[in-house]
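# Summary of the model geometry
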Amino acid sequence: MHVGTSHLFQNPDDSHLSDEEVYLNELNLAIGSEKLGFDSVWGVEHNFFDYSMCPDPLQYLAHVAGACKTIQIGTMVVVLPWNKPIRLISSIAQLDNMAEGRLILGVGRGLGQAEFEGHQVSMSDSRQAFAEAAEMIIQGLETGELAYDGEIYQQPKVAIRPRPHRSFQDSIYGSAVSPESCKLMARLGISP
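Calculation notes
Residues numbered from 1 in each chain as written. Predicted model: local features only at pLDDT ≥ 70, side-chain atom pairs only at ≥ 80, totals over all residues. Heavy atoms only, no water. Helix = DSSP H or I, 4+ residues; strand = E, 2+ residues; numbered from the N terminus. Rg over C-alpha atoms; globule rule 2.2 N^0.38 Å. Buried < 20%, exposed > 50% of the residue type's maximum accessible area, 1.4 Å probe, protein only. Contact = heavy atoms within 4.5 Å. Lys, Arg positive; Asp, Glu negative; His and termini not counted. Charge placed at Lys NZ, Arg CZ, Asp CG, Glu CD. Salt bridge = Lys/Arg side-chain N within 4 Å of Asp/Glu carboxyl O. 1 Å grid on protein atoms, 1.4 Å probe; cavity = no way out; pocket = protein on both sides within 12 Å on 5 of 7 lines; lining within 4 Å. Points joined across faces, edges and corners; volume = space filled by probe spheres on them. Nonpolar A, V, L, I, M, F, W, Y, C, P; charged D, E, K, R; others polar.

## Section: the overall build of the protein
Looking only at helices and strands, the protein features six helices and eight strands. Starting at the N terminus, the α and β elements of the protein follow one another as β-α-β-α-β-β-α-β-α-α-β-β-β-α. Taking 2.2 N^0.38 as the reference for a compact globule, 192 residues should give roughly 16 Å; the C-alpha atoms of the protein span a radius of gyration of 17 Å, in line with that estimate. Seen through its C-alpha atoms, the protein measures out along the principal axes to roughly 50 × 35 × 30 Å. Within the protein, the proportion of its 192 residues that are buried is 44%. Restricting to contacts in the protein with at least 6 residues of sequence separation, those with at least 24 account for 67%. Averaging the locations of the 13 positively and 24 negatively charged side chains of the protein gives two centres separated by 10 Å.

Below, the structure written as structure tokens:
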């Protein structure tokens, strides 16, 4: 059995703590998870609101990976339409190299209209943006290079550096809440 812990960095209604205090408390809990015997630590991506203040789960997990030596780290999820795919691929490869292969990658399309508006990204294009970005990430992580010509994203051929040092085939999953998203995950070879 695999048992993980997730940290949401919540500060509803600016409780009785500052955001900094919330962060320090959550980081201490996450780093302590290894000593307590947890198998993994997970981070979410949410922006602009107090219900979850983790705009960059990869950055948060880099901190955890540096402080811990064996625990796996995972994203639940990186919201692909809110991020530039080539930047994500590079950050994912960098983090997994630094964490010595401990990253479990979760990707998703995003649900919050207010978060799409805050990122100035059209929610109506999110399914296509997700599909193209997921294809790009899978390709880049498998081959160590990327070239893509889609409806939303165009990317001239570039090398991914640092190179991904392993396949993510068994370490990538997707968040899906609709039948259409489940079909898309299956087409991409991502476990929902």
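Read on for the rest.
## A word on the pattern of salt bridges
In total, this model carries three salt bridges according to the counting rule given. A salt bridge links Asp-96 to Arg-166, with the shortest nitrogen-to-oxygen separation between them at 2.6 Å. Here Asp-96, found in helix 3 (residues 85-98), pairs with Arg-166, found in the loop between strand 7 (154-159) and strand 8 (172-174); they are 70 residues apart in sequence, far enough to count as distant. When its relative accessible area of 21% is taken as the criterion, Arg-166 is described as partly exposed. Taking the shortest distance from any N to any O, the salt bridge between Glu-145 and Lys-157 comes out at 3.4 Å. With Glu-145 in strand 6 (residues 145-149) and Lys-157 in strand 7, this residue pair connects regions lying twelve residues apart in the sequence. Judged by relative accessible area, Glu-145 falls into the partly exposed class, the value being 34%.

## A few points about the layout of surface pockets
Its volume calculated, the largest pocket comes out at about 310 Å³. If you trace the largest pocket, you find 20 residues lining it, with Val-77, Arg-109, Gly-110, Leu-111 and Ser-175 closest to the centre. Per element, the largest residue contribution to the lining of the largest pocket is three residues, and it comes from helix 6 (residues 179-188). For the lining of the largest pocket, the per-class residue count stands at eleven nonpolar, six polar and three charged. Here the second largest pocket is characterised by a volume of approximately 250 Å³. Along the walls of the second largest pocket sit 16 residues, with Asp-56, Leu-58, Gln-59, Leu-88 and Ser-91 positioned nearest its centre. Among the elements that line the lining of the second largest pocket, the one with the most residues is helix 3, at six residues. Classifying every residue of the lining of the second largest pocket by side-chain character gives eight nonpolar, four polar and four charged.

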